[in-house]
Amino acid sequence: MASTVSDRPGYGQLLRTPGAWTFLVPGFAARQPFAMLTISIVLLVQHTTGSYGSAGAVAAVSGVSMALFGPQSGRLADRFGQRAVLLPGVLVHAVSVGTLTALALAGAPLWALFLAAVPTGASIPQIGPMVRARWAELLGAAPGRKASPLLGTAAAFESVTDEFTFVLGPVIATALCTGVHPAAGLVAEGVLTLAGGVVFAARRATQPTPRRTSASAAPHRSALSVPGVRVLAVAFLGIGSVFGGMQVSLTAFAEEAGHPGMNGLLYGVFAAGNMLAGIACGAIAWKSGPRRRLIAGYVALTLTASGLWAVGSIPLLAGLGLLVGLCIAPALISGYTLVDALVPGSARTEAFTWLTGAVALGQAAAVTVAGQLADAHGASTGFLVPLAGTALALVTLLSLRSRLVPPHRDGAVARGIGHREPVMVD
């Protein structure tokens, strides 16, 4: 249910927003490594241990660590500013990645790789949520100012940017690991994180104003205390299971088929579907509410993921992977739109990082389980993980969908990224 693109502002107008390019370019460079990390760990550890299960487990530890510590990073950024959190974070990440790489190449025991993976994941900079928070600062409602209708376009643009990184990241990492050196992907990830993070942190003019609380003020409530955010976190866990299951299973499938170099291309096709759907979502003026779009997109995602395990050829897998990718962006965009309405501005970055963390946690669990299944029963069984993850999340989403209705604040629906005036729920 949509009207024509002329009914809403477009990407061109969004990108002409004063100050936008000062954080978009370094933000893109700094978030690129996020899409490279998991596949780089999998390829390096699989090379040094010969096991997809071990490789997936190390990547999973990194993902769980990010999921647990990322929201705390977002909360600190809300209170003390993005720069204060980013600069030490990217330094720690670069050192941690270097340590993990050295240990893997030295043939260190698995427990040592697990230990090194903890700070590697914990220190991943939360660039995507920080960029979303900057858009909200530039375009959102403020005293004496009405929220811009460009907010919805910004939400779609960020989803497209995220997915574009997932088109490029795995392809770049795979090419480096297979064509240069098994450790080249992780090394590049660490260097890009450090350089991009430092430049992004230097753009202070568009940084959201820190919201510190006084000693007499009421204690700050976590964004996770909002029931709707918890429901969305479960939905994003399911999306993470698709990302993680696809990364490991596509790698194993391509190798099993005798074409290991096809892994990056297969994942790129999957991510390209996601990106194309995100572009379309941003070009449409939706008349249905974000909650309805989220549910519809999730049903489609579950149905398309259900056929992955039965595909037996690379061309068919690429085609179905494209369809799966096309179903992810609508769910992601609708979820981010809803969470921005459910949570007050003082916890905005933290709320975004909970969702990003949920994706990482789902991805971590998926790479572990899919890796074990691929080792024991063949590559195709790894594709059962996206099916199980999305099906369970869909049941939760349908059962608790009433919690996704944004609260009324001051007689109006709360506004944020992804909302035009007024907000239609359903």
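For the structure, check the block above.
Structure report, in brief. (Residues numbered from 1 in each chain as written. Predicted model: local features only at pLDDT ≥ 70, side-chain atom pairs only at ≥ 80, totals over all residues. Heavy atoms only, no water.)

## Description of the overall build of the protein
(1) Moving on: The number of helices and strands found in the protein is 14 helices and 4 strands.
(2) Moving on: For the protein, with 426 residues in total, the buried portion stands at 57%.
(3) Moving on: Restricting the contact set of the protein to residue pairs at least 6 apart, pairs at least 24 apart contribute 85%.
(4) Moving on: For the protein, the computed accessible surface area is about 15900 Å², with 68% contributed by carbon and sulfur atoms. (Helix = DSSP H or I, 4+ residues; strand = E, 2+ residues; numbered from the N terminus. Buried < 20%, exposed > 50% of the residue type's maximum accessible area, 1.4 Å probe, protein only. Contact = heavy atoms within 4.5 Å. Areas by Shrake-Rupley, 256 points an atom, 1.4 Å probe, with all protein chains shown as cover.)

## A closer look at the packing of helix H11 (residues 290-305) against helix H14 (residues 384-399)
(1) Moving on: In the contact formed by H11 and H14, the axes pass within 9 Å of each other and the chain directions differ by 155°. By the criterion of interaxial angle, the relationship of H11 to H14 is roughly antiparallel. Regarding H11 and H14, the two cross each other, and that crossing is left-handed. Of the residues in H14, those touching H11 at Leu294, Ile295, Tyr298, Val299, Leu301, Thr302 and Ala305 are Pro386, Leu387, Thr390, Ala391, Ala393, Leu394, Leu397 and Leu398.
(2) Moving on: Residue composition of the contact of H11 with H14, grouped by class: 13 nonpolar, 2 polar and no charged. (Axes fitted to C-alpha atoms, helices over the stretch in contact; angles between N-to-C directions. Parallel < 35°, antiparallel > 145°, perpendicular 65-115°, else oblique. Left-handed = near helix turned anticlockwise from the far one by under 90°. Nonpolar A, V, L, I, M, F, W, Y, C, P; charged D, E, K, R; others polar.)

## Here we look at the environment of Ala30
(1) Moving on: Topologically, Ala30 is positioned in helix H2 (residues 20-49).
(2) Moving on: A relative accessible area of 3% places Ala30 in the buried class.
(3) Moving on: In the structure, Ala30 is positioned 159 residues away from Glu189 in sequence and 9.5 Å away in space, judged by C-alpha atoms.
(4) Moving on: Setting aside residues up to four positions removed in sequence, Ala30 forms contacts with Ile127, Gly196 and Gly197.

## Points about the pattern of salt bridges
(1) Moving on: For the structure shown, the criterion picks out 1 salt bridge.
(2) Moving on: For Glu158, the salt bridge is made with Arg31, and the minimal N-O distance between the two is 2.9 Å. Pair noted here: Glu158 is in helix H7 (residues 151-179) and Arg31 is in helix H2, with a separation of 127 residues, a long-range link. Here the two residues Glu158 and Arg31 agree in accessibility, since each one is buried. (Salt bridge = Lys/Arg side-chain N within 4 Å of Asp/Glu carboxyl O.)

## Overview of the side chain of Ser65
(1) Moving on: By secondary structure assignment, the location of Ser65 is in helix H3 (residues 52-80).
(2) Moving on: Within the structure, Ser65 has its side chain in polar contact with the backbone oxygen of Val118 (distance 2.5 Å). (Polar contact = N/O pair within 3.5 Å; in protein donor to acceptor, adjacent residues only side chain to side chain.)

## Some thoughts on empty space enclosed by the protein
(1) Moving on: Applying the stated criterion across every chain yields a total of 5 cavities of 30 Å³ or more.
(2) Moving on: A volume near 90 Å³ is recorded for the second largest cavity.
(3) Moving on: Taken together, Phe34, Leu37, Thr38, Ala59, Ser62, Gly63, Met66, Ile124, Ala360 and Gln363 make up the lining of the second largest cavity.
(4) Moving on: Elements with a contribution of two residues or more to the lining of the second largest cavity: H2, H3 and helix H13 (348-377).
(5) Moving on: No other element matches the 4 residues that H3 contributes to the lining of the second largest cavity. (1 Å grid on protein atoms, 1.4 Å probe; cavity = no way out; pocket = protein on both sides within 12 Å on 5 of 7 lines; lining within 4 Å. Points joined across faces, edges and corners; volume = space filled by probe spheres on them.)

## Quick look at the nonpolar core
(1) Moving on: Core analysis: the largest hydrophobic core is formed by 53 residues, its most contacted members being Phe236, Ile239, Tyr298 and Val339.
(2) Moving on: Of all the elements in the fold, those that place two or more residues in this core are helix H9 (227-256), helix H10 (262-283), H11, helix H12 (314-342), H13 and H14.
(3) Moving on: If sequence neighbours within four positions are ignored, Val339 has contacts with Val229, Leu232, Ala351, Phe352 and Leu355.
(4) Moving on: Residues Leu37, Ala104, Ala360 and Val367 belong to the second largest nonpolar core, which totals 26 residues. (Core = buried A, V, L, I, M, F, W, Y, C linked by side-chain atoms within 4.5 Å.)

## Considerations on the packing of helix H4 (residues 82-105) against helix H5 (residues 110-122)
(1) Moving on: Running from N to C, H4 and H5 point in directions that differ by 165°, and their axes come no closer than 8 Å. Taken together, H4 and H5 sit at an angle that is classed as roughly antiparallel. Crossing of H4 against H5: the hand is left-handed. Contacts between H4 and H5 pair His93, Ser96, Val97, Thr99, Leu100, Leu103 and Ala104 from the former with Ala112, Leu113, Ala116, Ala117, Pro119 and Thr120 from the latter.
(2) Moving on: Within the contact of H4 with H5, the residues separate by chemical class into 9 nonpolar, 4 polar and no charged.

## Concerning the packing of aromatic side chains
(1) Moving on: Overall, the coordinates contain 4 aromatic pairs when judged by the stated rule.
(2) Moving on: Measuring from centroid to centroid gives 5.3 Å for Phe23 and Trp135, while their planes differ by 80°, and the two rings are edge-to-face. Of this pair, Phe23 sits in helix H2 while Trp135 is found in helix H6 (residues 127-139), placing the two residues 112 residues apart along the sequence.
(3) Moving on: Taken together, the ring pairs connect Phe23, Trp135 and Phe157 into an aromatic cluster.
(4) Moving on: Here Arg134 stacks its cationic end above the ring of Phe200, 4.3 Å away from the centre of that ring. (Phe/Tyr/Trp six-rings, centres within 6.5 Å; stacked < 30°, edge-to-face > 60°. Lys NZ or Arg CZ within 6 Å of the ring centre and 35° of its normal.)

## Describing a nonpolar patch on the surface
(1) Moving on: Together, Val64, Leu68, Phe69, Val118 and Leu361 make up a nonpolar patch on the protein surface, roughly 400 Å² of accessible area in all.
(2) Moving on: You can see Phe69 is positioned in helix H3.
(3) Moving on: Since its relative accessible area comes to 45%, Phe69 is described here as partly exposed. (Patch = residues over 30% accessible without salt bridge, like charges linked within 9 Å, V, L, I, M, F, W, Y side chains within 5 Å.)

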